[in-house]
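# Chains, contacts and geometry: an overview
Below, each chain spelled out in residue letters.
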Amino acid sequence: MADAKVIPFDEDRSRRRPPRRVRVAPPVEPEPVVEPAPAGPAAGGAGWDRRIAGGLAFLRRRITGEYEVDDFGYDKELTDQVLMSLMRPLFDKYFRVEVKGIENIPKEGGALIVANHSGTLPLDGLMLQVAVHDHHPARRHLRLLAADLVFMLPVVNELARKAGHTLACAEDAQRLLEAGELVGVMPEGFKGLGKPFGDRYKLQRFGRGGFVSTALRAGTPIVPCSIVGAEEIYPMVGNAKTLARLLGVPYFPITPTFPLLGPLGAVPLPTKWTIQFGEPIPTDGYSAEAAEDPMLMFNLTDQVREQIQHTLYRLLVQRRSVFF
């Protein structure tokens, strides 16, 4: 397997996605209207009837191809009804994620959510997606930007596209923001995801401000986001670099349970998470030429990074325990 490439999220590394077939659905006949369930003992049975009918209708649409995906491969129906349902038990029961500051995400229109990255495996991005969808009053969808390694893996590639993820390049991000979408980026990349346990909650470099430039061009606010709890799910105490090079991955983690316990060591620890969204930083007041100003890029990047770091420290001070 060839060495994995890491795409810095910078405007000078704009890349086009590989061509992809997009299925455009034919007009879908409206589903029959279901009358409200009667009150009393029969109500429970009617609820199950509606669920079964909805499930069968969903299967029919999947079989007949009567569903839509956008230009990026995003399948909203599959994400809402299947993928979110699979991630929700992890979010609600296993990591018991507490969400704060959700009101800082706009009710409509584009916005760029910038978060710290950690945890050895990118579960933090998935939990961030559930947090936005389930806790925002408008139940908005977050479109995450990912490194190209994600799209080189079989199965993972298709699932990522279906869930609305796309390559971490300025071109895709700007198109989504201008279309009024919420876009999520974790500028630390593999440097944050694979950092040693001893460096937990210490933010790595945020690159050269590519995400700031994209937000300026689209005129959308930047929402800093701090995630506490992901650092401890796989305490990375070592990195088998030779094995990582052979496998073509950025790092090969060694934790207290992996690879010692084999597949069992891949089970994350049930830490208690907090996700806090900070006050948005507006960008619509800058001129069109502002995106080319390197000093402004540096200042805004540093402002976002410092806000995330300070919030992480504050949440850590308030945390009673890693697991409670």
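Scope of this entry: the structure provided in the associated data block. (Residues numbered from 1 in each chain as written. Predicted model: local features only at pLDDT ≥ 70, side-chain atom pairs only at ≥ 80, totals over all residues. Heavy atoms only, no water.)

This paragraph deals with helix α9 (residues 294–318). For α9, which comprises 25 residues, the first-to-last C-alpha distance of 36 Å matches the rise-based estimate of 36 Å (1.5 Å per residue) to within 8%. Residues of α9 that are buried: L296, M297, L300, T301, V304, I308, Q309, T311, L312 and L315. Buried-residue contacts for α9 involve β1 (98–100), β2 (111–115), α7 (210–218), β6 (222–228) and β9 (274–277). Taking the backbone nitrogen of M295 as reference, a side-chain oxygen 3.1 Å away marks D293 as the first, capping residue of α9. (Helix = DSSP H or I, 4+ residues; strand = E, 2+ residues; numbered from the N terminus. Expected span 1.5 Å × (residues − 1). Buried < 20%, exposed > 50% of the residue type's maximum accessible area, 1.4 Å probe, protein only. Contact = heavy atoms within 4.5 Å. Polar contact = N/O pair within 3.5 Å; in protein donor to acceptor, adjacent residues only side chain to side chain.)

Let us now look at the sheet that holds strand β4 (residues 166–167). Taken in spatial order, the seven strands make up an open sheet running β1-β9-β6-β2-β5-β3-β4, and their pairing is mixed. The sheet terminates laterally at β1 and β4, the two strands that pair on one side only. Two strands pair when backbone bridges link them, and strand β3 (residues 142–146) and strand β5 (residues 182–185) are joined in this way by three bridges, in the parallel orientation. What sits directly across from R143, in β5, is V183. (Pairing = 2+ DSSP bridges.)

What follows concerns the packing of aromatic side chains. Enumeration over the complete set of coordinates arrives at four aromatic pairs. Ring centres 5.2 Å apart and planes at 75 degrees place the aromatic pair Y94 and F95 in the edge-to-face group. A residue is classified by how much of its surface remains accessible, and F95, at 0% relative accessible area, is buried. On the basis of an interplanar angle of 40 degrees and a centroid distance of 5.9 Å, the ring pair of F252 and F258 is categorised as tilted. We classify F252 as buried; its relative accessible area is 18%. For F258, a relative accessible area of 23% gives the class partly exposed. One aromatic cluster in this structure is built from Y94, F95 and W273. R62 extends its terminal NZ or CZ atom over the ring of Y67, reaching a point 3.7 Å from the ring centre. (Phe/Tyr/Trp six-rings, centres within 6.5 Å; stacked < 30°, edge-to-face > 60°. Lys NZ or Arg CZ within 6 Å of the ring centre and 35° of its normal.)

Next up on the list: the packing of helix α5 (residues 170–178) against α7. Look at α5 against α7: their axes get within 9 Å of each other, and the N-to-C directions meet at 35 degrees. Two packed elements cross with a definite hand, and for α5 against α7 that hand is right-handed. Packed against α5, whose contacting residues are A170, A173, Q174, L177 and E178, the element α7 presents T214, A215, R217 and A218 at the interface. Grouping the amino acids of the contact of α5 with α7 by side-chain chemistry returns five nonpolar, two polar and two charged. (Axes fitted to C-alpha atoms, helices over the stretch in contact; angles between N-to-C directions. Left-handed = near helix turned anticlockwise from the far one by under 90°. Nonpolar A, V, L, I, M, F, W, Y, C, P; charged D, E, K, R; others polar.)

We now examine the pairing of β9. Strand residues, when the strand is regular, have side chains that alternate between the two faces of the sheet. The alternating pattern of β9 places T274 and Q276 and I275 and F277 on opposite faces, both of which are buried. In terms of strand pairing, β1 meets β9 through three bridges, oriented parallel. In the strand pairing of β9, V99 is matched with I275. Relative to β9, β6 runs antiparallel, the two sharing four bridges. Across the sheet, residue C225 finds its bridge partner in β9, namely F277.

None of this, on its own, says anything about what the molecule does.
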